[in-house]
Amino acid sequence: MHLAVVACGDRLEETLIMLKSAVLFSNSRLCFHIFAEDSLKPEFEKKLKEWPSSYTKKFESNIYPITFSVGNAQEWKKLFKPCAAQRLFLPVILKDVDSLLYVDTDVLFLRPIDDIWHLLREFNSTQLAAMAPEHEIPKIGWYSRFARHPYYGTTGVNSGVMLMNLTRIRSTQFKNSLIPGGLTWEEMLYPLYQKYKNYITWGDQDLLNIIFYFNPECLYVFPCQWNYRPDHCMYGSNCRGAEDEGVSILHGNRGVYHDDKQPTFKALYEVIRDFPFEDNLFQSLYYPLQSKFLDTVHTLCGRIPQVFLKQIEKTMK
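Predicted, not measured: the structure shown is a model, and the values here were computed from it.

**Quick notes on the overall build of the chain**
Each helix and strand in the chain was counted, giving 14 helices and 9 strands. Taking 317 residues into account, the globule formula puts the C-alpha radius of gyration at 20 Å, and the chain, at 19 Å, falls close to it. Buried positions account for 58% of the 317 residues belonging to the chain. As displayed, the chain has an accessible area near 13,300 Å², and 51% of this comes from carbon and sulfur atoms. Separation of charge centres in the chain, based on 35 positive and 36 negative side chains, amounts to 2 Å.

Below, the structure written as structure tokens:
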């Protein structure tokens, strides 16, 4: 199973905690593709080598420099968060990889990656990527209220967790708003950015929404528990899948791991960060989490602790 992430600036620790959660909860061997600024490469190598051998044998890692194959590298770097646009180029750079799961640095796995990886088998013959909706409720969704560009479906999609069949992406001609015929993924990226750059707010995620607006048959939409964000509970619980099954992948966007606005998200991040690798999961991860959650009951997200604990419990059992 291939897992890709892009890390720049101060995202070293966050990325390592994400990778740690992936290794803790996965059943099969993993291959990490880490795209990082040159200054972070030695840090990643050093920290990953410090993990105990019982864990390092569960994965291999490749670290790549930040590169953009088409257009102006400085422009791509400045698009939304530093280097985030790198994910648009994964099909072009990882030519020998058939499929991968891309995640943002602020993601935590609460169940085996194997389970989301199996969704690749559910793609029909035209689907080549999978994402979750940006919002469950159109009237409070960002795209449905503010977007000035085309976007997928009624609420748009969030690209923080994205399953990609790279082989299909590389071989598809995509419909677009640039020319009457189709364009390959690589041919389309820069002209699309040039056309819409004054209208996009969320950078590369907006470009992905534009691509799948014109090619809706190419996208598989998975439910919100696979990309669970503060928006799913901070105004009241609105992710039905998480209520039923528990959160599968937690996405702490809005910087919630590092401030006190959403203590439930921060608690999960800190417990996984502080978990000593060789310890017992129940003793050193599950119990500390339960006690930290007691301090978050004054928040809307903290009122539904079972949503955050259900999958962890199942995986540990």
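From this point, the narrative continues.
**Regarding the pairing of strand E6 (residues 129-133)**
Counting buried residues along E6, 5 of its 5 residues qualify, which places the element largely inside the surrounding structure. Strand direction decides the pairing type here: E6 and strand E7 (residues 157-165), joined by 4 bridges, are antiparallel. Each bridged residue has a counterpart across the sheet, and for Ala 132 the counterpart in E7 is Asn 158. Direction of pairing for E6 relative to strand E8 (residues 219-221): parallel, over a ladder of 3 bridges. Across the sheet, the residue bridging to Ala 130 is Tyr 220, located in E8.

**Section: helix H13 (residues 281-294)**
Between the first and last C-alpha of H13 there are 19 Å, a value that for 14 residues agrees with the 20 Å anticipated at 1.5 Å per step. Taken as a whole, H13 has its buried residues at Ser 284, Leu 285, Tyr 286, Leu 289 and Phe 293. Each element contacted by the buried residues of H13 is listed here: helix H1 (12-25), helix H12 (263-274) and helix H14 (305-316). The N-cap residue of H13 is Asn 280: its side-chain oxygen and the backbone nitrogen of Phe 282 are 2.8 Å apart.

**Some details on the state of the cysteines**
Applying the stated criterion to the full structure yields 3 disulfides. Sulfur-sulfur distance for the disulfide between Cys 233 and Cys 301 comes to 2.0 Å. Looking along the S-S bond of the Cys 233-Cys 301 disulfide, the torsion reads about 90°, which is the right-handed sense. Remark: Cys 301 occurs in the loop between H13 and H14 and Cys 233 occurs in the loop between E8 and helix H11 (240-245); sequence separation between them is 68 residues. On the basis of relative accessibility, which here comes to 0%, the residue Cys 301 falls in the buried class. For the chain, the disulfide bridges join cysteines in the arrangement 1-2, 3-5, 4-6, where the cysteines are counted in sequence order. With no disulfide partner, Cys 31 has as its closest neighbouring cysteine sulfur the one in Cys 8, 20 Å distant. Of the residues examined, Cys 31 reaches a relative accessible area of 9% and is grouped as buried.

**Section: the domain arrangement of the chain**
Taken domain by domain, the chain comprises domain 1 (2-222) and domain 2 (227-316). The partner domain 2 presents 30 residues to the 30 residues of domain 1 that form the contact. Interface area for domain 1 against domain 2, summed over the two sides, is near 2,800 Å², with a carbon-plus-sulfur share of 64%. Contact with domain 2 buries surface across domain 1, with Leu 108, Leu 110 and Arg 111 losing the most and accounting together for 25% of the total.

**So, the side chain of Arg 111**
Topologically, Arg 111 is positioned in the loop between strand E5 (107-109) and helix H6 (113-117). Separated by 2.9 Å, the side chains of Arg 111 and Ser 248 make a polar contact.

**What about the nonpolar core?**
Where a protein is soluble and globular, its nonpolar side chains tend to be buried together. Counting residues in each nonpolar core, the largest one holds 72 residues, and the members touching the most others are Leu 3, Leu 101, Phe 109, Ile 116, Tyr 228, Leu 250 and Phe 308. Broken down by element, this core gets its largest block of residues, 9 residues, from H1. Mapping this core onto the domain boundaries places at least three of its residues in each of domain 1 (2-222) and domain 2 (227-316). If you look at the next biggest cluster of nonpolar residues, it comprises 43 residues, including Cys 83, Leu 94, Leu 128 and Leu 208.

**Overview of the packing of H13 against H14**
Their axes nearest at 11 Å, the elements H13 and H14 cross at an angle of 175°. The angle between H13 and H14 places the two elements in the roughly antiparallel class. On the side of H13, the interface is formed by Leu 281, Phe 282, Leu 285, Tyr 286, Leu 289, Gln 290 and Phe 293, while H14 contributes Pro 305, Phe 308, Leu 309, Ile 312, Glu 313 and Met 316.

**Structural notes on the packing of aromatic side chains**
One pass over the full model with this rule turns up 19 aromatic pairs. Arranged with centres 6.1 Å apart and planes meeting at 35°, the rings of Tyr 190 and Tyr 193 form a pair that is tilted. Of this pair, Tyr 190 and Tyr 193 both sit in helix H9 (residues 185-196), 3 residues apart, which is roughly one turn of the helix. Aromatic pair Tyr 213 and Phe 214: ring centres 4.9 Å apart, planes at 85°, arrangement edge-to-face.

**Some remarks on the sheet that holds strand E1 (residues 2-7)**
The 7 strands are arranged E3-E2-E1-E4-E7-E6-E8 in an open sheet whose pairing can be described as mixed. Bordering the open sheet on either side are strand E3 (59-64) and E8, each of which pairs with just one other strand. Taken over all neighbouring pairs, the strand axes of this sheet differ in orientation by 25° on average, direction set aside. The strands touched by helix H2 (residues 41-49) within the sheet are E1, strand E2 (30-36) and E3, with E3 carrying the most contacts at an inclination of about 170°.

So, how was this worked out
- Residues numbered from 1 in each chain as written.
- Predicted model: local features only at pLDDT ≥ 70, side-chain atom pairs only at ≥ 80, totals over all residues.
- Heavy atoms only, no water.
- Helix = DSSP H or I, 4+ residues; strand = E, 2+ residues; numbered from the N terminus.
- Rg over C-alpha atoms; globule rule 2.2 N^0.38 Å.
- Buried < 20%, exposed > 50% of the residue type's maximum accessible area, 1.4 Å probe, protein only.
- Areas by Shrake-Rupley, 256 points an atom, 1.4 Å probe, with all protein chains shown as cover.
- Lys, Arg positive; Asp, Glu negative; His and termini not counted.
- Charge placed at Lys NZ, Arg CZ, Asp CG, Glu CD.
- Pairing = 2+ DSSP bridges.
- Expected span 1.5 Å × (residues − 1).
- Contact = heavy atoms within 4.5 Å.
- Polar contact = N/O pair within 3.5 Å; in protein donor to acceptor, adjacent residues only side chain to side chain.
- Disulfide = S-S within 2.5 Å.
- Domains from an automatic or database assignment.
- Buried area = accessible area lost by both parts, 1.4 Å probe.
- Core = buried A, V, L, I, M, F, W, Y, C linked by side-chain atoms within 4.5 Å.
- Axes fitted to C-alpha atoms, helices over the stretch in contact; angles between N-to-C directions.
- Parallel < 35°, antiparallel > 145°, perpendicular 65-115°, else oblique.
- Phe/Tyr/Trp six-rings, centres within 6.5 Å; stacked < 30°, edge-to-face > 60°.

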